[in-house]
Amino acid sequence: MSNQDLNVTAKLINGGVAGLVGVTCVFPIDLAKTRLQNQHGNDIYKGMVDCLIKTARAEGFLGMYRGAAVNLTLVTPEKAIKLAANDFFRQLLMEDGGQQNLKMEMLAGCGAGMCQVVVTCPMEMLKIQLQDAGRLAVHHQDPASALSSSTSYTTGPAPTHKRPSATLIAWELLRTQGLAGLYKGLGATLLRDIPFSIIYFPLFANLNNLGLNELTGKASFAHSFTSGCVAGSVAAIAVTPLDVLKTRIQTLKKGLGEEVYSGIIDCARKVWIQEGPSAFMKGAGCRALVIAPLFGIAQGVYFIGIGERILKFFE
């Protein structure tokens, strides 16, 4: 295996390990974010803590990890693609690896965001259905809308609230809508992930460079972790309105009286008119708390070089 192949393999391992560790740590907060963003009108949850407490009481500790299996399965390729693609585009676009070029860094981030949605969109599609199932059970889903929906993924009547599985949802979507069913909300996902990457990667690179060690050419774990947390928080909060639209569009089952959206513009218009501008920032705090450690861990693992160490061990 050539050095270039080893380098790519190490990057993929780093991205995968970082994704697995990060998701395991922050998944309950991500579940709270999804449920808060999907609330229309009468709020069941008053905030993140209230959501987690009510979820734990109603569904048990494992209820806070609904949808985690999907994330843990797909986050490895997703994070690996995201980090490796950004690194690839940076090397391709930057003539001098040591010279900062903000425009090229943003373009590299854009490329990374476009590449990752191949995995991100279906992963989020399945995850959101599983995460929101508990909220719908409390909300008392409208049986008429469930039975008439072509995207229904339960076999019984809606009021029974049978616990869905990712396999069942994926099969129903493929059977009724084909591959397009799993990629519902692709436009909204791109609209969120490309700006996120354009903000995150250049910001992280510049923050991380402030702590580079002249001898090793790398920043310390603590500095890389902190840089990832800060850059992740800023990027996450900046694109929260787009994340709200994506979550609403990708949610297949609706509670009683909740709106159905035909697309991004329709969703934005209805949210603005019915819930006001503040609705676009629902779950912003949760999202920052999810993304900050997730990308802090990711960049820390990436810069420690766990992938390189694993490959060296097996040499």
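The name given to the protein chain in an unreviewed UniProt entry is Mitochondrial glutamate carrier 2, and the organism recorded there is Trichechus manatus latirostris. One UniProt comment on the protein chain, placed under Catalytic activity (unreviewed entry), says "L-glutamate(in) + H(+)(in) = L-glutamate(out) + H(+)(out)".

Asker: What's the story with the overall build of the protein chain in this structure? I'm lost.
Answerer: Scanning the protein chain for helices and strands turns up 13 helices and 0 strands. Along its sequence from the N terminus, the protein chain presents helices and strands in the succession α-α-α-α-α-α-α-α-α-α-α-α-α. Taking all 315 residues of the protein chain together, 51% fall into the buried category. Nonlocal contacts in the protein chain, meaning residues at least 24 apart in sequence, comprise 78% of its contacts between residues at least 6 apart. Surface summary for the protein chain: the accessible area is close to 14,400 Å², and the carbon and sulfur share equals 66%.

Asker: Would you explain empty space enclosed by the protein in this entry?
Answerer: Remark: the empty space left among the atoms is shown by a probe the size of a water molecule rolled over them. Using the criterion set out here, one finds 1 cavity of 30 Å³ or more in the structure. In this structure, the largest cavity encloses a volume near 300 Å³. Lining the largest cavity are 24 residues; nearest its centre among them are Glu 78, Lys 79, Glu 124, Ile 291 and Leu 294. Of all the elements in the fold, those that place two or more residues in the lining of the largest cavity are α1 (3–37), α3 (68–93), α4 (102–139), α8 (186–209) and α12 (284–304).

Asker: I'm lost on the packing of aromatic side chains in this one. Help?
Answerer: Tallied over the entire structure, the rule returns 9 aromatic pairs. Here Trp 272 and Phe 280 contribute two aromatic rings whose centre-to-centre distance is 6.2 Å and whose plane-to-plane angle is 45°, an arrangement assigned as tilted. Residue classification places Trp 272 among the exposed residues on the basis of a relative accessible area of 51%. Ring-pair connections join several aromatic residues into one group, and the members of that group are Phe 196, Tyr 200, Phe 201 and Phe 204.

Asker: Teacher, can you tell me more about the side chain of Asp 193 here?
Answerer: Mapping Asp 193 onto the fold places it in helix α8. Once you skip the residues sitting within four places of it in the chain, Asp 193 turns out to touch Gly 113, Gln 116, Val 117 and Thr 120.

Asker: Explain the packing of helix α10 (residues 240–250) against helix α11 (residues 264–275) here, please?
Answerer: The description of two packed helices rests on the angle between their axes and on the distance between the axes. The contact between α10 and α11 brings their axes to 10 Å, and the two run at 105°. Considering the angle they form, α10 stands roughly perpendicular to α11. Listed contacts from α11 to Leu 245, Arg 248 and Ile 249 of α10 are Ile 264, Cys 267, Ala 268, Val 271 and Glu 275. For the contact of α10 with α11, a count of residues per class yields 6 nonpolar, no polar and 2 charged.

Asker: Before we go on, may I ask you to explain α10 in this structure?
Answerer: Since the α-helix advances by 3.6 residues per turn, residues separated by three or four positions end up pointing in the same direction. Judged by how many residues are buried, α10 sits mostly within the fold: 9 of 11 residues are covered. Of the positions making up α10, those classed as buried are Thr 240, Asp 243, Val 244, Leu 245, Lys 246, Thr 247, Arg 248, Ile 249 and Gln 250.

Asker: Sorry if this is basic, but what is going on with the packing of α8 against helix α9 (residues 221–238) here?
Answerer: Between α8 and α9, the shortest axis-to-axis distance is 8 Å and the interhelical angle comes to 150°. By the angle between their axes, α8 is roughly antiparallel relative to α9. The interaxial crossing formed by α8 with α9 has right-handed handedness. Of the residues in α9, those touching α8 at Phe 196, Ile 199, Tyr 200, Leu 203, Phe 204, Leu 207 and Asn 208 are His 223, Ser 224, Ser 227, Gly 228, Val 230, Ala 231, Gly 232, Val 234, Ala 235, Ala 236 and Ala 238. Class assignment for the residues of the contact of α8 with α9 results in 12 nonpolar, 6 polar and no charged.

Asker: Help me understand the environment of Asn 206 in this model?
Answerer: Counting through the fold element by element, Asn 206 comes out in helix α8. Between the alpha carbons of Asn 206 and Ala 231 there is a distance of 9.7 Å; along the sequence they are 25 residues apart.

Asker: Is there a simple way to explain a nonpolar patch on the surface in this structure?
Answerer: Together, Ile 199, Val 230 and Val 234 make up an exposed nonpolar region whose accessible area comes to about 200 Å². Note on placement: Val 230 falls in helix α9.

Asker: Just to check I follow, could you spell out the nonpolar core for this structure?
Answerer: Core analysis: the biggest nonpolar cluster contains 34 residues, and Phe 196, Tyr 200, Ile 291 and Phe 295 have the highest contact counts within it. Every element with two or more residues in this core is listed here: α1, α2 (48–59), α3, α8, α9 and α12. Take this core: its biggest share by element is 9 residues, from α12. Phe 295 has contacts with Lys 79, Lys 82, Phe 196, Tyr 200 and Gly 228, leaving out every residue within four places of it along the chain. Counting residues in each nonpolar core, the second largest holds 11 residues, with Met 123, Leu 130, Ala 166 and Leu 173 among its members.

Asker: Where do I start with the pattern of salt bridges in this structure?
Answerer: When the charged atoms of two side chains with opposite charge come close together, those side chains can pair. Under the criterion given, the structure shown has 21 salt bridges. Put simply, Asp 243 and Lys 33 hold a salt bridge, and the shortest N to O gap is 2.9 Å. With Asp 243 in helix α10 and Lys 33 in helix α1, this residue pair connects regions lying 210 residues apart in the sequence. The buried category is assigned to Asp 243, whose relative accessible area is 0%. With a relative accessible area of 2%, Lys 33 lands in the buried category. Among the ionic pairs, Glu 275 bridges to Arg 248, the shortest N-O distance being 2.9 Å. Taken together, the positions of Glu 275 in helix α11 and Arg 248 in helix α10 put the pair 27 residues apart, joining distant regions of the chain. Linked through salt bridges whose partners overlap, the residues forming this network are Asp 30, Lys 33, Glu 124, Lys 127, Arg 192, Asp 193, Asp 243, Lys 246 and Arg 287.

Conventions and cut-offs
- Position numbers for residues start from 1 in each chain and track the written sequence from start to end.
- Given that the model is predicted, a residue must reach a pLDDT of at least 70 before its local features are reported, and side-chain atom pairs must reach 80 or more before they are shown or counted; all residues, however, enter totals for whole chains, interfaces and linings.
- Side-chain metrics rest on all non-hydrogen atoms present in the structure, leaving aside hydrogens and water.
- UniProt positions are given in the numbering used here, feature names are shortened, and annotations may be inferred rather than shown by experiment.
- Each helix corresponds to a stretch of at least 4 residues labelled H or I by DSSP, and each strand to a stretch of at least 2 residues labelled E; elements are numbered beginning at the N terminus.
- The buried label goes to any residue with under 20% of its type's maximum accessible area, the exposed label to any with over 50%, and the partly exposed label to all in between, with areas taken from a 1.4 Å probe on protein chains only.
- Should any heavy atoms of two residues lie within 4.5 Å, those residues are counted as being in contact.
- Here the accessible surface of atoms and residues is derived via Shrake-Rupley with a 1.4 Å probe, and residues count as covered only by protein chains that are part of the display.
- Within this scheme a cavity is a closed region of a 1 Å grid, computed over the protein atoms alone, that accommodates a 1.4 Å probe without allowing it to escape, whereas a pocket is open but has protein on both sides within 12 Å along at least five of seven lines; lining residues each have an atom within 4 Å of a point.
- Grid points are joined across faces, edges and corners, and a volume is the space filled by probe spheres set on the points.
- Side-chain rings of Phe, Tyr and Trp (the six-membered ring for Trp) are treated as a pair once their centres are within 6.5 Å; stacked means planes under 30 degrees apart, edge-to-face means over 60, and tilted covers the remaining angles.
- Orientation is described by axes fitted as lines to C-alpha atoms, over the contacting stretch for helices, and by angles from 0 to 180 degrees between their N-to-C directions.
- Note that the term roughly parallel is reserved for angles under 35 degrees, roughly antiparallel for angles over 145, roughly perpendicular for angles of 65 to 115, and oblique for everything else.
- Each residue is assigned to one class: nonpolar for Ala, Val, Leu, Ile, Met, Phe, Trp, Tyr, Cys and Pro, charged for Asp, Glu, Lys and Arg, and polar for all the others, Gly among them.
- Helix crossings get a hand from a simple test, with the near helix turned counterclockwise from the far one by less than a right angle marking a left-handed crossing and a clockwise turn marking a right-handed one.
- Exposure above 30% relative accessible area and the lack of any salt bridge qualify a residue for a patch; like charges then connect within 9 Å, and the nonpolar side chains Val, Leu, Ile, Met, Phe, Trp and Tyr within 5 Å.
- In the sections that follow, a salt bridge refers to a side-chain nitrogen of Lys or Arg positioned within 4 Å of a carboxyl oxygen of Asp or Glu.
- Among buried residues, those of type Ala, Val, Leu, Ile, Met, Phe, Trp, Tyr and Cys that are joined through side-chain atoms within 4.5 Å constitute a nonpolar core.

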